[in-house]
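Fold and geometry: a report
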Amino acid sequence: MTVDGKPEPSQVPMRYPPPELDETAAQRLWGKVTKTADCWIWAGYRNQAGYGIIQARLGGPRTRAHRVAYALSGGVFTGDGLIRHRCDNPPCVRPDHLLCGTIGDNVADMVERDRQASGDRSGYRKHPESYLNRPPVQGVKHGCATFTEAEVLAIRAAHDRGESQSSIARRIGRPRRTVALIASRKTWRHLP
Ligand SMILES: [Zn+2]
């Protein structure tokens, strides 16, 4: 059991397990992204719902591009493994716009954002300012936050200066394993 009394993740089969990445995944994903000032839009194939579709592993099953982006960025998959957009923009693959959450969260989000009303009647179209000012839906305490580019660069700078991975992890309150993947440039490979 974990400290908060929940079963260890390994004891619960994950409904949407993390995509199995190959060595070419980062290049294939980040090479097909159009960055705007806000969202990073997947420029490859999209399904009818607007989600980007990519093979996480060449020859493997097709999966949603934002899940691959989340995995490549060192995002931790917890719960049922669902990865949601905090920007509400299906083709977006920007890691800090993604967070893990349950299907329950997703439904709650839709209700909260009035997404049952479509098009111009939706809450987002009517009141975009109220979304821009929303505090982040989750934080470090969920254990499933992704990182911003600035944080990634700060981690690498500290590590390159000689600070140990575990010291950095403790200092910024993030999981050591995720910090290690970032510091050793196994994730976030599109950044220096
Ligand atoms: Zn976005």
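Conventions we followed
- Residues numbered from 1 in each chain as written.
- Predicted model: local features only at pLDDT ≥ 70, side-chain atom pairs only at ≥ 80, totals over all residues.
- Heavy atoms only, no water.
- Helix = DSSP H or I, 4+ residues; strand = E, 2+ residues; numbered from the N terminus.
- Buried < 20%, exposed > 50% of the residue type's maximum accessible area, 1.4 Å probe, protein only.
- Contact = heavy atoms within 4.5 Å.
- Areas by Shrake-Rupley, 256 points an atom, 1.4 Å probe, with all protein chains shown as cover.
- Donors = N, O, S within 2.8 Å, 3.2 Å for Na, K, Ca; no water.
- Tetrahedral: all angles 85-135°; square planar, octahedral: opposite > 155°, others 65-115°.
- Expected span 1.5 Å × (residues − 1).
- Arc of directions from axis to C-beta.
- Phe/Tyr/Trp six-rings, centres within 6.5 Å; stacked < 30°, edge-to-face > 60°.
- Lys NZ or Arg CZ within 6 Å of the ring centre and 35° of its normal.

Our next topic: the overall build of the protein. Assigned secondary structure in the protein consists of 8 helices and 6 strands. Each helix (α) and strand (β) of the protein, taken in turn from the N terminus, gives the series α-β-β-β-β-α-β-β-α-α-α-α-α-α. In the protein, which comprises 192 residues, the share counted as buried stands at 40%. Excluding contacts between residues fewer than 6 apart, the proportion of contacts in the protein whose partners are at least 24 apart in sequence is 55%. As displayed, the protein has an accessible area near 11000 Å², and 54% of this comes from carbon and sulfur atoms.

Here we come to the coordination of the zinc ion. The zinc ion binds to the protein through C39 (SG), C87 (SG), C92 (SG) and H97 (ND1); the donor distances cover 2.1 to 2.3 Å. Taken together, the 4 donor atoms coordinating the zinc ion and their angles of 107 to 113° define a geometry best described as tetrahedral. Donor residues binding the zinc ion come from one chain and are separated in sequence as C-x47-C-x4-C-x4-H. The same class applies to C87 as to C92, namely buried.

For helix α8 (residues 176-183), the full list of buried residues reads T178, V179, A180, I182 and A183. As for α8, its buried residues are in contact with α6 (149-160) and α7 (165-172). Following α8 by one or two positions, R185 has its phi on the positive side, about 60°.

Residue position: V76 is located in the loop between α2 (65-72) and β5 (83-85). For V76, a relative accessible area of 24% puts it in the partly exposed group.

An ideal rise of 1.5 Å per residue puts 16 Å on 12 residues; α6 measures up with 16 Å between its terminal C-alpha atoms. For α6, every residue scored as buried is listed here: V152, I155, R156 and A158. The arc enclosing the buried residues of α6, seen along the axis, measures out at 160°, which places them on a common side. Those residues of α6 that are exposed and angled more than 90 degrees off the buried face are A150 and D160. Residues of α6 that are buried in the fold lie against α7 and α8. Phi for G162, located one or two positions after α6, is positive at around 110°.

The next point concerns the packing of aromatic side chains. Under the definition given, this model contains 2 aromatic pairs. Aromatic pair W30 and W40: ring centres 5.9 Å apart, planes at 85°, arrangement edge-to-face. Separated by 10 residues along the polypeptide, W30 in helix α1 (residues 25-30) and W40 in strand β2 (residues 40-42) bring together distant segments of the chain. Of the residues examined, W30 reaches a relative accessible area of 14% and is grouped as buried. A relative accessible area of 4% means that W40 is categorised as buried. The interplanar angle of 85° and the centroid separation of 5.0 Å between the aromatic rings of Y70 and F77 together place this pair among those described as edge-to-face. A single burial state applies to Y70 and to F77, both of which are buried. Across from the ring centre of Y51, 4.0 Å away, lies the NZ or CZ of R64, which sits over that ring.

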